[in-house]
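A structural walkthrough
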Amino acid sequence: MVKENEQYDESRCKAFVCDLTSDDLTENIEPESLDLVSAIFVFSAIPPEKMAAAIRNIYKVLKPGGCILFRDYGLYDEAQLKFCKASDKRLGDNLYVRQDGTMSYFFSIDDLRTRFEAEKFKTLSCEYVYRETTNRRLEIRVDRIFVQAKLEKLSS
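Residues numbered from 1 in each chain as written. Predicted model: local features only at pLDDT ≥ 70, side-chain atom pairs only at ≥ 80, totals over all residues. Heavy atoms only, no water.

A word on the pattern of salt bridges. Enumeration according to the criterion identifies 8 salt bridges in this entry. For Arg-144, the salt bridge goes to Asp-77, with nearest N and O atoms at 2.7 Å. Taken together, the residues span a long stretch of sequence, with Arg-144 in strand S7 (residues 140–153) and Asp-77 in the loop between strand S2 (62–73) and helix H2 (78–85) at a distance of 67 residues. (Salt bridge = Lys/Arg side-chain N within 4 Å of Asp/Glu carboxyl O. Helix = DSSP H or I, 4+ residues; strand = E, 2+ residues; numbered from the N terminus.)

What follows is the structure in structure tokens.
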């Protein structure tokens, strides 16, 4: 669908489908060619046992000193608290399944740092971000918790 758009220009970006946990990114992206990878609400959908493979995959395409900008669900986010009420939705520690069958993992700051630092990344910043959202139709205010980080690839 992206490639069919008249504004798609492969000299500026390259759209492709892959499984970050098993497909080799270097088949579509030159090794050590990227300055920045955006991982916005990506890792929460990956099973915890496959996250290291995804991190190593990204590592291969980042230049030394390149960064990952990370944002995802934080521990004790309102969505996690709702999942806790339905015991059939829990798959593991901080891991739940949504109605559509996709997974949702909730990160602590320590968990995030540990996973990336184990794969040769340096944590430049890592913090919880708190947001209050309002559903005006239902007149409900919800506290959201996200984890936001900037991680730098260390030299091999």
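On to the environment of Gln-148, then. Its place among the elements puts Gln-148 in strand S7. For Gln-148, a relative accessible area of 29% translates into the label partly exposed. Side chain to side chain, Gln-148 and Arg-71 meet in a polar contact 3.2 Å long. (Buried < 20%, exposed > 50% of the residue type's maximum accessible area, 1.4 Å probe, protein only. Polar contact = N/O pair within 3.5 Å; in protein donor to acceptor, adjacent residues only side chain to side chain.)

Alignment of strand S1 (residues 34–40) against S2, held across 6 bridges, turns out to be parallel. Counted as the bridge partner of Leu-34 is Leu-62 from S2. For S2 and S7, the ladder comprises 7 bridges, and the chain directions are antiparallel. Of the residues in S7, the one forming a bridge with Ile-68 is Leu-151. (Pairing = 2+ DSSP bridges.)

Moving on, we come to the packing of aromatic side chains. Evaluation of the coordinates by the stated rule reveals 15 aromatic pairs. Between Phe-41 and Tyr-73, the ring centres sit 5.0 Å apart and the planes meet at 55°, which makes this aromatic pair tilted. With Phe-41 in the loop between S1 and helix H1 (51–61) and Tyr-73 in strand S2, the pair connects residues that are 32 residues apart, well separated along the chain. A relative accessible area of 33% places Phe-41 in the partly exposed class. The buried category is assigned to Tyr-73, whose relative accessible area is 16%. A ring pair is formed by Tyr-73 and Phe-146, whose centres lie 6.4 Å apart and whose planes are at 40°; its orientation type is tilted. (Phe/Tyr/Trp six-rings, centres within 6.5 Å; stacked < 30°, edge-to-face > 60°.)

Within the secondary structure layout, Asp-35 lies in strand S1. The spatial distance from the C-alpha of Asp-35 to the C-alpha of Gly-66 is 4.5 Å, given a sequence separation of 31 residues. Discounting chain neighbours no more than four positions away, the residues touching Asp-35 are Leu-62, Lys-63, Gly-66 and Cys-67. Of note is the side chain of Asp-35, whose polar atom sits 3.3 Å from the side chain of Lys-63. (Contact = heavy atoms within 4.5 Å.)

A word on the sheet that holds strand S3 (residues 90–92). On the basis of which strands lie adjacent, the open sheet formed by 3 strands has the order S3-S4-S5 and antiparallel pairing. This sheet does not close on itself; its edge strands, each paired only once, are S3 and strand S5 (103–105). The sheet shows a mean angle of 30° between the axes of neighbouring strands, taken without regard to direction. Summarising the sheet, S3 and strand S4 (residues 95–97) pair through 2 bridges and their orientation is antiparallel. Considered in S4, the bridge of Arg-90 is made with Tyr-96. (Axes fitted to C-alpha atoms, helices over the stretch in contact; angles between N-to-C directions.)

The pairing of strands in a sheet comes from backbone hydrogen bonds and takes either a parallel or an antiparallel form. Strand order across the open sheet formed by 4 strands is S1-S2-S7-S6, with mixed pairing between neighbours. The sheet is open, and its two edges are formed by S1 and strand S6 (121–135), each paired on a single side. Going across the sheet, the axis of each strand differs from the next one's by a mean of 15°, ignoring polarity. In the packing of helix H3 (residues 109–117) onto the sheet, contacts are made with S2, S6 and S7, and the angle to S6 comes to roughly 145°.

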